[in-house]
Amino acid sequence: MACDSRNKLVYVLLVFFALALLGSALPVDAQDAAREPAYRAFPVLGSRLAVWAVAQLHLNFAAFILGCPIFAVIIEIIGWRTRDQRYDWLAHEFVKLTFAAFSTTAMLGALLLFLFVGYYPRFWAYLTSIFFPTYWVYALLFFGETFIVYLWYYGWEWLSGSRKWIHVSLGVLANLVGTAILVVANSWVTFMISPGGIDESGRLVSLWKAINNYTWMPINVHRLIANIVFGGTIAAAYAAFRFLSAETQEERARYDWMGYVGNFVAVSAFIVLPFAGYWLGREIYAFNQTMGITMMGGFMSWLWIVQAILIGILFLGSNYYLWLGMERIPGSERYRKFVPPMLLILTIGFMIWATPRTMVITFDEARAMGGTHHPVLGFFGVMSAKNTVVNLMILTTFLSYILYRRANRISTKPWVRTGMGVQWAAFAVAAVIVVFFGVYGYFVDSLTRIGFSVWQVLAVLTCIVIVMAIDIPMFRGARSTGTIRWGTIATRSQYVLILLAVTFTWLMGLMGFARSGIRQHWHVYGVLRDTSVDAVTPALGYAANVITIVTIVFFALVTFIFWLGGLGERGGPKGHAPAPVIAGGSDSSEGATSQARPQGATAPSEASPRIDCAGKAGARKS
């Protein structure tokens, strides 16, 4: 508790210091501005690299502390409504992770601000002249979120029982304030890409138009979804870390379940993330076609091949984890015949998505092929093919989840055949629509082809809504074929969870580089030119190396935080309450919770596992 209080004091002092620094960054008069140097050189690394590395680290931690509480409060609401202590414990574990990263995020944010003010003073002065009123809003929101999150965390036991609704409301409020912080900060970032609300000389005309620029709302949606994915993958990686270091079967069962929930939240948000990316790309093209062409067809086009490989890893890894998880579910054997065709679809889709439109070749190779485009593979390098396969991969991943969800349940509803028929029809119709518009896109102009992606997206989303709307009532009260044996999943599944977290973190860094790199030699595109020695977009190889190093540093810090989280539980009480009963470790269906029973109920087993407040395994008599 004393350590947490010191962290809180450091955090508040950092915010006050940052506010003082913001006040000192107010625009000065013309003579002072002329004497102020536009840039200062950071020792050894250079100013751009220093800002880049700190900004990426800060954004990674900020994404985690914004994304993790979102699904923590959702899980807490589930536990509150069902009275299942497993979910309340899990929500508390997620908030504890967020709590551990708060101080690190604040320190990195303060350091980033110091670098901007000290090494890019003229740029920061210009940005302040546009957005200074929003700085105070941002600071007030940060104070508000800090106090709400502390009350949410420390009031977990105090606001339990009949006052639980107050605690849940605090969690919802914390997430609303956190989202507002994200929205305010995004206005600064998007103004640099697609400035608005200014006249020809760059002076502010309308603050609202400067905030509500072309890319502001797409970035808000894209980053919010990405933060949920990111928070889910990091939470799942934490569970994998604890699973691999667990000493008892009860601990493995608990963290196996935690990893599944974290991965489920991440995959659920990841399925809709590409659609938000499409919207952002359309708005960039709408603002400036040259910028859009630079991003997709210029020197950054090969970056999207790397992106395709990473997203392919995410799809394959997520599905592989679900398939491994089915092995711990009695009755899942009847669905394993679907795994090979799903793997085939994902593999072919991955290969097509990673196929470049043009290749780096010699003159002799180009002459042998008859041009820079391969006569066969060239057809798969255009967006029609890529949009088609990514939507098919999303459908396949959704199908994997549906099969996992019903693996140990058999519906008893009289209309089950009709319901499943409608579900399979929805999958078939969505796949036909996606393939139709993908093929038809080769016979229309580029503007029409871009519009086809909207219909493909709508087909997939409609299929997801229809299938879930039928599946939930169809399997309510279903007959169970056996209890999920938590903790018996193959150890390699935990390395998959860690791989997914690392891959998504690296992907976030690459996409951040793409978003910033399309400005090229502009601080604010078309308004404030970058005249520093670093006024050139770095090569893709250099950028990839920087992002890789930052990702390694980030996970080194995260691993240290994970280790501290486990260290704090040794020799003392574990958590805010007795850890929940999680079935596992036995091939029989006896033990704890069954899918066929109401959530929160336990079977009258002679010795089902229990974890007491000290974290020791015990036995409970029926």
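Residues numbered from 1 in each chain as written. Predicted model: local features only at pLDDT ≥ 70, side-chain atom pairs only at ≥ 80, totals over all residues. Heavy atoms only, no water.

Draft legend 1. Spatial organisation of the overall build of the chain. The helix and strand inventory of the chain stands at 18 helices and 6 strands. Here the chain holds 622 residues, and 54% of them are scored as buried. By sequence separation, contacts in the chain at least 24 residues apart represent 82% of the contacts at least 6 residues apart. In the form shown here, the chain has an accessible surface area of approximately 27800 Å², with 68% of it arising from carbon and sulfur atoms. (Helix = DSSP H or I, 4+ residues; strand = E, 2+ residues; numbered from the N terminus. Buried < 20%, exposed > 50% of the residue type's maximum accessible area, 1.4 Å probe, protein only. Contact = heavy atoms within 4.5 Å. Areas by Shrake-Rupley, 256 points an atom, 1.4 Å probe, with all protein chains shown as cover.)

Draft legend 2. Up close: the nonpolar core. Counting residues in hydrophobic clusters, the biggest one holds 166 residues, and the most contacted among them are Phe94, Phe131, Ile234 and Phe504. If one sorts the elements of this core by residue count, helix α9 (residues 249–287) sits on top with 17 residues. When near neighbours in sequence (up to four residues on either side) are disregarded, Ile234 contacts Phe64, Ala501, Thr505, Phe554, Phe555, Val558 and Phe562. With 5 residues, the next largest nonpolar core counts Val416, Met474, Phe475 and Ala478 among its residues. (Core = buried A, V, L, I, M, F, W, Y, C linked by side-chain atoms within 4.5 Å.)

Draft legend 3. How the structure looks around the confidence of the model for the chain. A residue-level look at the chain finds 81% of positions with pLDDT of 70 or above and a mean pLDDT of 80. Confidence drops under pLDDT 50 across residues 8–13; counting only partners more than four residues distant or on other chains, this segment forms 7 contacts. (pLDDT = per-residue confidence, 0-100.)

Draft legend 4. How the structure looks around a nonpolar patch on the surface. Taken together, Phe379, Phe380, Val435, Phe436, Val439, Tyr440, Tyr442 and Phe443 make up a surface patch of nonpolar side chains, about 800 Å² in accessible area. By the secondary structure assignment, Val435 is in helix α15 (residues 416–440). We classify Val435 as partly exposed; its relative accessible area is 37%. (Patch = residues over 30% accessible without salt bridge, like charges linked within 9 Å, V, L, I, M, F, W, Y side chains within 5 Å. Salt bridge = Lys/Arg side-chain N within 4 Å of Asp/Glu carboxyl O.)

Draft legend 5. Structural context of empty space enclosed by the protein. Going through the model one piece at a time under the given rule, you end up with 7 cavities of 30 Å³ or more. Of the volumes computed, that of the largest cavity is approximately 90 Å³. Lining the largest cavity are Val229, Thr233, Asn263, Ala266, Val267, Phe270, Leu314, Ser318, Thr397, Leu500 and Phe504. Mapped by element, the contributors of at least two residues to the lining of the largest cavity are α8 (216–244), α9, α11 (301–326) and α17 (492–517). (1 Å grid on protein atoms, 1.4 Å probe; cavity = no way out; pocket = protein on both sides within 12 Å on 5 of 7 lines; lining within 4 Å. Points joined across faces, edges and corners; volume = space filled by probe spheres on them.)

Draft legend 6. Looking closely at unusual backbone geometry. The phi dihedral of Val44 is positive, around 65 degrees, even though this residue is not glycine. Note on placement: Val44 falls in the loop between α2 (30–35) and α3 (47–82). With a phi angle near 60 degrees, Arg83 is a residue other than glycine that sits in the positive phi range. With respect to the helices and strands, the residue Arg83 is situated in the loop between α3 and α4 (85–119).

Draft legend 7. Broad picture of the packing of α11 against helix α12 (residues 339–353). Running from amino to carboxyl end, α11 crosses α12 at an angle of 170 degrees, the nearest separation of the two axes being 9 Å. With respect to their mutual orientation, α11 and α12 come out roughly antiparallel. Counting all contacts with α11, which are made through Ala308, Ile309, Ile311, Gly312, Phe315, Leu316, Asn319 and Trp323, the residues of α12 involved are Val339, Met342, Leu343, Leu346, Phe350 and Trp353. For the contact of α11 with α12, a count of residues per class yields 12 nonpolar, 2 polar and no charged. (Axes fitted to C-alpha atoms, helices over the stretch in contact; angles between N-to-C directions. Parallel < 35°, antiparallel > 145°, perpendicular 65-115°, else oblique. Nonpolar A, V, L, I, M, F, W, Y, C, P; charged D, E, K, R; others polar.)

Draft legend 8. Spatial organisation of the packing of α11 against α17. One can describe the packing of α11 onto α17 by two numbers: an axis separation of 9 Å at closest approach and a directional angle of 155 degrees. When the interaxial angle is binned, α11 and α17 end up roughly antiparallel. Handedness of the α11/α17 crossing: left-handed. A breakdown of the residues in the contact of α11 with α17 according to their chemical character gives 21 nonpolar, 5 polar and 1 charged. (Left-handed = near helix turned anticlockwise from the far one by under 90°.)

Draft legend 9. Region of interest: the packing of aromatic side chains. Applying the stated criterion across every chain, the model contains 39 aromatic pairs. Arranged with centres 5.2 Å apart and planes meeting at 80 degrees, the rings of Tyr153 and Tyr154 form a pair that is edge-to-face. Judged by relative accessible area, Tyr154 falls into the partly exposed class, the value being 32%. In textbook terms, an aromatic cluster arises when at least three aromatic residues are bridged by ring pairs, as seen for Phe116, Phe123, Trp124, Phe132, Tyr135, Trp136, Tyr138, Phe142 and Trp188. Stacked on the ring of Trp80, the Lys or Arg Arg81 has its end atom at 5.0 Å from the ring centre. In this arrangement the basic side chain of Arg529 is found over the ring face of Trp522, its NZ or CZ atom lying 5.4 Å from the centre. (Phe/Tyr/Trp six-rings, centres within 6.5 Å; stacked < 30°, edge-to-face > 60°. Lys NZ or Arg CZ within 6 Å of the ring centre and 35° of its normal.)

Draft legend 10. Here's a closer look at the environment of Val546. Positionally, Val546 belongs in helix α18 (residues 540–567). Residue Val546 is classed as buried on the basis of its relative accessible area, which comes to 10%. For the pair Val546 and Leu49, spaced 497 residues apart in sequence, the C-alpha separation works out to 8.3 Å. With residues up to four places along the chain from it excluded, the contact list for Val546 reads Leu49 and Trp52.

Draft legend 11. Expanded view of the side chain of Asn387. Assignment of secondary structure puts Asn387 in helix α14 (residues 383–405). We classify Asn387 as buried; its relative accessible area is 10%.

Draft legend 12. Quick peek at the environment of Gln249. In this structure, Gln249 sits in helix α9. Spatially, the C-alpha atom of Gln249 lies 8.6 Å from that of Thr488, the residues being 239 residues apart in sequence.

Draft legend 13. Structural context of the pattern of salt bridges. Enumeration according to the criterion identifies 7 salt bridges in this entry. Here Asp471 makes a salt bridge to Arg405, at a shortest N to O gap of 2.8 Å. Within this pair, whereas Asp471 is found in helix α16 (residues 446–474), its partner Arg405 is found in helix α14, the two being separated by 66 residues in sequence. Arg405 shares its class with Asp471; the two are buried. Beyond isolated ion pairs, a larger network of salt bridges with shared partners links Glu76, Asp88 and Lys164.

Draft legend 14. Inspection of α8 at higher detail. Over its 29 residues, α8 runs 41 Å from end to end, which matches the ideal 42 Å to within 8%, given 1.5 Å per residue. With 23 of 29 residues buried, α8 is to be regarded as a mostly interior element. (Expected span 1.5 Å × (residues − 1).)

Draft legend 15. Spatial organisation of α3. Given a rise of 1.5 Å per residue, 36 residues ought to cover 52 Å, and the 53 Å separating the end C-alpha atoms of α3 matches this to within 8%. When you tally the buried positions in α3, you get 26 out of 36 residues, the bulk of the element. Positioned one or two residues after α3, Arg83 has a phi angle of 60 degrees, which is positive.

Draft legend 16. Broad picture of the side chain of Asn60. Position of Asn60 relative to the elements: it lies in helix α3. A residue is classified by how much of its surface remains accessible, and Asn60, at 1% relative accessible area, is buried.

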